[in-house]
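Chain and residue survey
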Amino acid sequence: MSDTIESTQSVETTTVDIPANPLGLNTGSGSISKVSPEISGANLPDGVRQALDILGELPAYATQIYTNNKRVVTSLGLILGVIVGVKLTLAILYAINEIPLLAPTFELVGIGYTSWFVYRYLLQASTRKELTDEIDSFKSEILGNKHK
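So, how was this worked out
- Residues numbered from 1 in each chain as written.
- Predicted model: local features only at pLDDT ≥ 70, side-chain atom pairs only at ≥ 80, totals over all residues.
- Heavy atoms only, no water.
- Salt bridge = Lys/Arg side-chain N within 4 Å of Asp/Glu carboxyl O.
- Helix = DSSP H or I, 4+ residues; strand = E, 2+ residues; numbered from the N terminus.
- Buried < 20%, exposed > 50% of the residue type's maximum accessible area, 1.4 Å probe, protein only.
- Axes fitted to C-alpha atoms, helices over the stretch in contact; angles between N-to-C directions.
- Parallel < 35°, antiparallel > 145°, perpendicular 65-115°, else oblique.
- Contact = heavy atoms within 4.5 Å.
- Nonpolar A, V, L, I, M, F, W, Y, C, P; charged D, E, K, R; others polar.
- Phe/Tyr/Trp six-rings, centres within 6.5 Å; stacked < 30°, edge-to-face > 60°.

**Describing the pattern of salt bridges**
For the structure on display, the rule yields three salt bridges. Close ionic contact of Arg49 with Asp46 constitutes a salt bridge, the shortest N to O distance being 3.2 Å. On the criterion of helical spacing, the pair formed by Arg49 and Asp46 is a turn pair, its members being three residues apart in helix H1 (residues 46-68). By relative accessible area, Arg49 is classed as partly exposed at 26%. The salt bridge partner of Lys129 is Asp133, with a shortest N-O separation of 3.2 Å. One end of the pair is Lys129 and the other is Asp133, both in helix H4 (residues 125-143) and four residues apart, which spans about a single turn.

**A look at the environment of Ile96**
With respect to the secondary-structure elements, Ile96 resides in helix H2 (residues 70-97). The class for Ile96 is partly exposed, based on a relative accessible area of 30%.

**Some remarks on the packing of H1 against H2**
Running from N to C, H1 and H2 cross one another at 95°; their axes reach a closest spacing of 5 Å. Considered as vectors, H1 and H2 are oriented roughly perpendicular to each other. Residue-level inspection shows Tyr66, Thr67 and Asn68 of H1 in contact with H2, the latter providing Lys70, Val73 and Thr74. Each residue belonging to the contact of H1 with H2 can be placed in one class, and the counts come to two nonpolar, three polar and one charged.

**With respect to the packing of helix H3 (residues 102-122) against H4**
For the pair H3 and H4, the least separation of the axes is 7 Å and the interaxial angle reads 100°. By the angle between their axes, H3 is roughly perpendicular relative to H4. Across the interface between the two elements, Phe117, Arg120, Tyr121 and Leu122 of H3 pack against Thr127, Arg128, Glu130, Leu131 and Glu134 of H4. A per-class count over the contact of H3 with H4 returns four nonpolar, one polar and four charged.

**Observations concerning unusual backbone geometry**
In the Ramachandran plot, Leu101 falls in the positive-phi region, its phi being about 70° despite a non-glycine side chain. In this fold, Leu101 is placed in the loop between H2 and H3.

**As for the packing of aromatic side chains**
On inspection of all chains with the given rule, the structure shows three aromatic pairs. Aromatic side chains Tyr113 and Trp116 sit 5.6 Å apart centroid to centroid with 35° between the ring planes, which places their arrangement in the tilted category. In this pair, Tyr113 and Trp116 are both assigned in helix H3, three residues apart and thus about one turn of the helix distant. The class of Trp116 is partly exposed, set by a relative accessible area of 42%.

Here you go:
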């Protein structure tokens, strides 16, 4: 004996029309507009309304801070850029140093160039004089001619 129970459930559905731009933002021109009055109306809690007001005025605050402190902001940007550049350079050098046989090859090239430089410019007095003359002419090209 098998009892079968049939149950019928009905589900009510409702449709809600959502506007294409629920926040009221200007999406066509690429500029940010303030939040529409429906969203920031009295139906929102005070904290949400304050947050929306602050976020709406944030671009103006950023522009005002940059305008008043151009030197400081530019200096901080340059310092940050230098830090990133140094870290990137160190990472590249570390990666190159990990390649087998490349680091010892660079060391040999450095030792060879240093040996040649000492032999060429530092062993004899005449070549030392030649080196100081070259350095002085380079300095005068960079800094300008100064009378001795």
